[in-house]
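Report on the structure
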Amino acid sequence: RQFREHKETARRSVKLNLIYWKLSRINSLVVRVRDRDELFREACRVAVEAGGFRMAMIAVVDSSTMAIAPVASAGKDEELLSSIKSLLASSADAPRTMVARTLKEKKAIVSNDSLNDPQVLIDTKYAASGVRSIAVLPLIVADKAVGVLALYSNEIEFFHEEELKLLTELTGDIAFAIDHISSQERLDYLAYYDVLTGLANRSLFIERVAQFMRCAVNAGHKLAWFLNDLE
């Protein structure tokens, strides 16, 4: 019995260290990445390659239609990913998914025996892909769940309090990066477009003229531009 307990402690220690490592890798993404798609893609990749998860997926909510759609994944085969997309696109089944419930309740939803858990709607498809435990965690920006990070393990009873605590910190870092990228995109937009009219401003005009001038010089052709003062 003591040997089994020691073995289980060692196994959990390895598992937590992998999640710690994943957390540090995600933190480096937050500092480096300036594109939302790259952030999602790399976060999923790190989860599988560095975090030891069987699969990872990020799904987001379309603010205009309120539809839920996967936008990045790693470790998934195309057949399983297609099944998940179809499930989330179904008006009848989507509200019953762990993903939808996570977005609605803004808290993690866990299944530690996905093959025998009624809340998992495509249990046999997950089992065929080697998944036995699932955790779906919300990505919360400004107190609003904008998406989820779903992590899949090939072990039964994988997700417990310590793991979920670290993974909640992880999703917090991803949500921070989403907010940071959105703020930067907004600042970039305001730098070149009028906030009221949406029209290009003086800064963008000058930048484009300079670009055309450089092209004219490099290509050896002439350039003329006309300014019509409306006032």
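See the structure shown above.
What comes next concerns the included structure. (Residues numbered from 1 in each chain as written. Predicted model: local features only at pLDDT ≥ 70, side-chain atom pairs only at ≥ 80, totals over all residues. Heavy atoms only, no water.)

A separate point is the overall build of the chain. Helix and strand counts for the chain stand at seven helices and five strands. Listing every helix and strand of the chain by position from the N terminus yields α-α-β-β-α-α-β-α-β-β-α-α. Residues counted as buried form 38% of the 231 residues belonging to the chain. The contacts of the chain with a sequence gap of at least 6 include a subset with a gap of at least 24, amounting to 52%. Accessible surface computed for the chain: about 14000 Å², of which carbon and sulfur atoms make up 55%. (Helix = DSSP H or I, 4+ residues; strand = E, 2+ residues; numbered from the N terminus. Buried < 20%, exposed > 50% of the residue type's maximum accessible area, 1.4 Å probe, protein only. Contact = heavy atoms within 4.5 Å. Areas by Shrake-Rupley, 256 points an atom, 1.4 Å probe, with all protein chains shown as cover.)

The terminal C-alpha atoms of helix H2 (residues 36-49) lie 20 Å apart, and with 14 residues this matches the ideal 20 Å at 1.5 Å per residue to within 8%. Leu39, Phe40, Glu42, Ala43, Cys44, Val46 and Ala47 are the residues of H2 that are buried. (Expected span 1.5 Å × (residues − 1).)

The strands making up a sheet associate through hydrogen bonds between their backbones, and the pairing can be parallel or antiparallel. The sheet built from five strands is open, its strands ordered S2-S1-S5-S4-S3 with antiparallel pairing. Edge strands, defined here as strands with exactly one partner in the open sheet, are strand S2 (68-74) and strand S3 (109-111). For this sheet, the mean angle separating the axes of adjacent strands, direction not counted, is 20°. Note that strand S1 (residues 55-61) and S2 share six bridges and pair antiparallel. Each residue of the ladder has a partner; that of Val61, found in S2, is Ile68. Running over the sheet, H2 touches S1, S2 and strand S5 (144-153) and is turned about 155° from S1. (Pairing = 2+ DSSP bridges. Axes fitted to C-alpha atoms, helices over the stretch in contact; angles between N-to-C directions.)

The next subject is the packing of aromatic side chains. Under the definition given, this model contains five aromatic pairs. On the numbers, 6.0 Å between centres and 5° between planes, the contact of Phe53 with Phe159 is stacked. Separated by 106 residues along the polypeptide, Phe53 in the loop between H2 and S1 and Phe159 in the loop between S5 and helix H6 (161-192) bring together distant segments of the chain. The residues Phe53 and Phe159 share a single accessibility class, namely buried. Consider the rings of Phe158 and Phe159, whose centres lie 4.8 Å apart with planes at 70°: the pair is edge-to-face. A relative accessible area of 2% places Phe159 in the buried class. (Phe/Tyr/Trp six-rings, centres within 6.5 Å; stacked < 30°, edge-to-face > 60°.)

Moving on, we come to a nonpolar patch on the surface. A cluster of nonpolar side chains, namely Phe205, Ile206, Trp225 and Leu227, defines an oily patch on the protein surface of about 470 Å² accessible area. By secondary structure assignment, the location of Phe205 is in helix H7 (residues 202-219). (Patch = residues over 30% accessible without salt bridge, like charges linked within 9 Å, V, L, I, M, F, W, Y side chains within 5 Å. Salt bridge = Lys/Arg side-chain N within 4 Å of Asp/Glu carboxyl O.)

In this section: the side chain of Asn112. Its location among the elements puts Asn112 in the loop between S3 and helix H5 (123-128). Residue Asn112 is classed as buried on the basis of its relative accessible area, which comes to 14%. There is a polar contact of 3.1 Å between the side chain of Asn112 and the backbone nitrogen of Phe158. A distance of 2.7 Å separates a polar atom in the side chain of Asn112 from the backbone oxygen of Phe159. Discounting residues that sit within four places of it in the chain, Asn112 has contacts with Arg132, Ser133, Ile156, Glu157, Phe158, Phe159 and His160. (Polar contact = N/O pair within 3.5 Å; in protein donor to acceptor, adjacent residues only side chain to side chain.)

Quick look at the pattern of salt bridges now. Close approach of charged atoms allows side chains of opposite charge to pair. Within the structure shown, the criterion is met by seven salt bridges. A salt bridge links Asp143 to Lys106, with the shortest nitrogen-to-oxygen separation between them at 3.6 Å. Placement of Asp143 in the loop between strand S4 (133-141) and S5 and of Lys106 in the loop between helix H4 (98-105) and S3 is noted, with a sequence separation of 37 residues between them. On the basis of relative accessibility, which here comes to 33%, the residue Lys106 falls in the partly exposed class.

Compared with the 16 Å implied by 1.5 Å per residue over 12 residues, the 16 Å span of helix H3 (residues 78-89) between its first and last C-alpha is a close match. Buried residues belonging to H3 abut S1, S2, H4, H5 and S5.

Take unusual backbone geometry next. Comment: phi is negative for the bulk of residues other than glycine, and the bulk of peptide bonds are trans. Not every positive phi belongs to a glycine, and Met66 is a case in point at roughly 65°. According to the relative accessible area criterion, Met66 is exposed, its value standing at 56%. The phi dihedral of Asp143 falls on the positive side, at around 65°, and the residue is not glycine.

Structural measurements only, silent on function.
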